[in-house]
Amino acid sequence: METRSTKRKKIAHRNHQITAKGAKRKAAIDRISDLPDAILHRILFLLPIKCIAQMSVLSKRWRFLWTTFPDLDFTTISPFTISPTTTKSRYNKFSTANNRHSRKQDFITQVLSIRDKNSDIRVLCFRARLSFSRLNNLIRSAIRQNVRILDVEVATEVVTDDYFNFPRCIIGSHSLKVLKLKSGFRLPPSSIMRDGFRSLQTLSLSLVILYNQPFLSDLFSESSFPLLKNLHLDMCFGLKYLRVGCKALEDFSLEKCFQLQGLDISCPKLEKLKVASCFDAYSEKSWVRISAPKLQDLVWHYNAVTDMTMFEDHHHQQQLLHHQSSSNSLSLFSGDASVGFFILNEDVSIGKLQSVNNFLSGLSHARSLILESQTIEVLSNNKFFIQPFYSLKSLELHTGFNKSNVQGLACLFRSSPTLHTLILKIINDFQIERKQWNRDLWDMTSTEEEQYWESQIPSLKPFLQHLKVVKIHGFLDCENEVTLAKFLLKHGKALEEMQLCAGQVNARDTLRRQKIRSQMMGFSWASSNAKVAFQ
């Protein structure tokens, strides 16, 4: 017979087992699936899209999350980049990848076909090789589901020299906010384009064929693209004239438009402008006009020098900058600028040289300025007056620092009377031209170059009275750079700091450099108490 105490123990044990099973059952509850759709979609966005598709088999809940997933990024599936190749290599590449791209297209089509028709697409992004009809079908399906961000890079499914037509189903979309399209495609007539895109805020077009309509004078007009804030145009083949006049535009970049001859920018809210590798270097009538009173960030890199530059303020008071009126130029820009020109050696004409001056005169109220090497070479051959940069506080110069650049550097120093920081980046490609150190350059023996700098003291007086920081990158103790460093240390009244960042040197130069540094630390002829640091 069981005693009363034994029965109590059995009951207690049974209750403990029931409690343990309840705890395990409670722990097995899927709390992740109970999270709101928006949070789960945000978590899933961190995963490759194929992983999300595979998770749809877990339960009805996860299948619903998959069919309503708003951010469809297919670039993680065998992404490719389109690059110029020969016909034969393009054919071989197509042959080996045909099945892979076909499966990828089928997957994209399948994903769009099983989606919940009541769920909008927030993002659709893919890179694929496909026909124009299939591209149109994919985009049309996304437009029907109110896609907001469309980012597409395509190549033709069959090896051909033909191009895509711009998908017209995009034009009338009221939901589309961001459009990025990269392909060899032709634009429809401007009259059709400018009637759409009423909600578009960002537009990026790359590899555009414009041989049949080289003059885009009314596409980006004041009435079209009323909400457009960001515009990027890249590799517009055949484009000769472009006018951009969108009232809401804040950020505009134009790159690799080598046949461009005329650029007209009139945007009252534009804050950032980048133009790189543009303009026809052989054109004799190229011009640029900029009207952007709120411009704060300008990047003008490796552009052919235009024959005429025009600045216009927001009251439409035109100022034409040509060789007759450069001395009276009016600066409208007061931000940060980085400038580099491309000029053919056989085209260093007075007009081209004046055009460089005209452009720089338009930046005379800039806060900081970066100048590339060829710009400094042009200024070294330039006898025209540069309007002073009265507001300039930081100047960065990229230069080979050979003897022919000295006059250009002196010209810029004279034009920077209130400069605070000077940064010199010596380009390695030019180091072979720089005269190597072969004597004690830090003694007081005068050289021809030192005599030149000494002769510039009267015109450089404001510059020397305000300069506080000097940084020289690629410093190799060669004569040109040592002479300038010595001159600034000797006459820089307000100089507080000089940083000399060494370039690559051989081990045998170590003792020589140590000797120079010790002499620098012990000079007694400087007029400032600048701290000299080697890095």
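Cut-offs applied
- Residues numbered from 1 in each chain as written.
- Predicted model: local features only at pLDDT ≥ 70, side-chain atom pairs only at ≥ 80, totals over all residues.
- Heavy atoms only, no water.
- Helix = DSSP H or I, 4+ residues; strand = E, 2+ residues; numbered from the N terminus.
- Contact = heavy atoms within 4.5 Å.
- Areas by Shrake-Rupley, 256 points an atom, 1.4 Å probe, with all protein chains shown as cover.
- 1 Å grid on protein atoms, 1.4 Å probe; cavity = no way out; pocket = protein on both sides within 12 Å on 5 of 7 lines; lining within 4 Å.
- Points joined across faces, edges and corners; volume = space filled by probe spheres on them.
- Nonpolar A, V, L, I, M, F, W, Y, C, P; charged D, E, K, R; others polar.
- Core = buried A, V, L, I, M, F, W, Y, C linked by side-chain atoms within 4.5 Å.
- Buried < 20%, exposed > 50% of the residue type's maximum accessible area, 1.4 Å probe, protein only.
- Salt bridge = Lys/Arg side-chain N within 4 Å of Asp/Glu carboxyl O.

Trainee: So what's going on with the overall build of the protein chain? Which residues, and what values?
Mentor: Counting its regular elements, the protein chain contains 14 helices and 23 strands. If you take every contact in the protein chain between residues at least 6 apart in sequence, the share linking residues at least 24 apart comes to 69%. Accessible area of the protein chain: about 26500 Å², with a carbon and sulfur share of 53%.

Trainee: Go over the layout of surface pockets with me, naming the residues and quoting the values.
Mentor: Approximately 240 Å³ is the volume attributed to the second largest pocket. Sort the elements by how many residues they give to the lining of the second largest pocket and helix α2 (residues 37-44) lands first, with three residues. Among the residues making up the lining of the second largest pocket, the classes are represented as three nonpolar, three polar and five charged.

Trainee: Before we move on, could you go through the nonpolar core and cite the residues and values that matter?
Mentor: If you look at the biggest cluster of nonpolar residues, it comprises 133 residues, and the most contacted ones within it are F166, L242, F252 and L363. If we ignore the near neighbours within four places in the chain, the residues touching F166 are I171, L179, L181, F185, R186, L187, P188, M193, F197 and L205.

Trainee: Report on the environment of E449, specifying residues and quantitative values.
Mentor: When you line up the elements, E449 lands in helix α11 (residues 448-455). Residue E449 is classed as buried on the basis of its relative accessible area of 9%. Separated by 31 residues in sequence, E449 and N480 place their C-alpha atoms 7.6 Å apart. Residue contacts for E449: discarding those within four places in its chain leaves V406, N480 and T483.

Trainee: So, the pattern of salt bridges: which residues are in play, and what are the values?
Mentor: Following the criterion strictly, the structure yields eleven salt bridges and no others. Put simply, R127 and D151 hold a salt bridge, and the shortest N to O gap is 3.4 Å. Of this pair, R127 sits in strand β2 (residues 123-130) while D151 sits in strand β3 (residues 149-156), and the two are 24 residues apart along the sequence. Look at D151 and you get buried, because its relative accessible area is 18%.

Trainee: Talk me through empty space enclosed by the protein; I want residue IDs and the actual numbers.
Mentor: In the structure shown here, the tally under the stated rule is two cavities of 30 Å³ or more. Space inside the largest cavity adds up to approximately 50 Å³. Counting only elements with at least two residues in the lining of the largest cavity, the list comes to β14 (297-304) and α8 (350-361). When the residues that make up the lining of the largest cavity are grouped by side-chain class, the tally is six nonpolar, three polar and no charged. Those elements that place two or more of their residues in the lining of the second largest cavity are β6 (202-209), β7 (215-220) and β8 (230-237). By residue class, the composition of the lining of the second largest cavity is nine nonpolar, no polar and no charged.

Trainee: Before we move on, can you summarise the pairing of β2 with the specific residues and values?
Mentor: Side-chain positions along a regular strand alternate between the two faces of the sheet. By the criterion of burial, β2 is predominantly enclosed, with eight of the eight residues buried. The side-chain alternation of β2 yields two buried faces, one formed by V123, C125, R127 and R129 and the other by L124, F126, A128 and L130.

Trainee: Describe in detail unusual backbone geometry, supporting the description with residues and values.
Mentor: In this model, F197 sits at a positive phi of 55°, which is unusual for a non-glycine residue. The backbone of M235 shows a phi angle near 55°, a positive value even though the residue is not glycine. With respect to the helices and strands, the residue M235 is situated in strand β8.

By themselves these figures say nothing about function.
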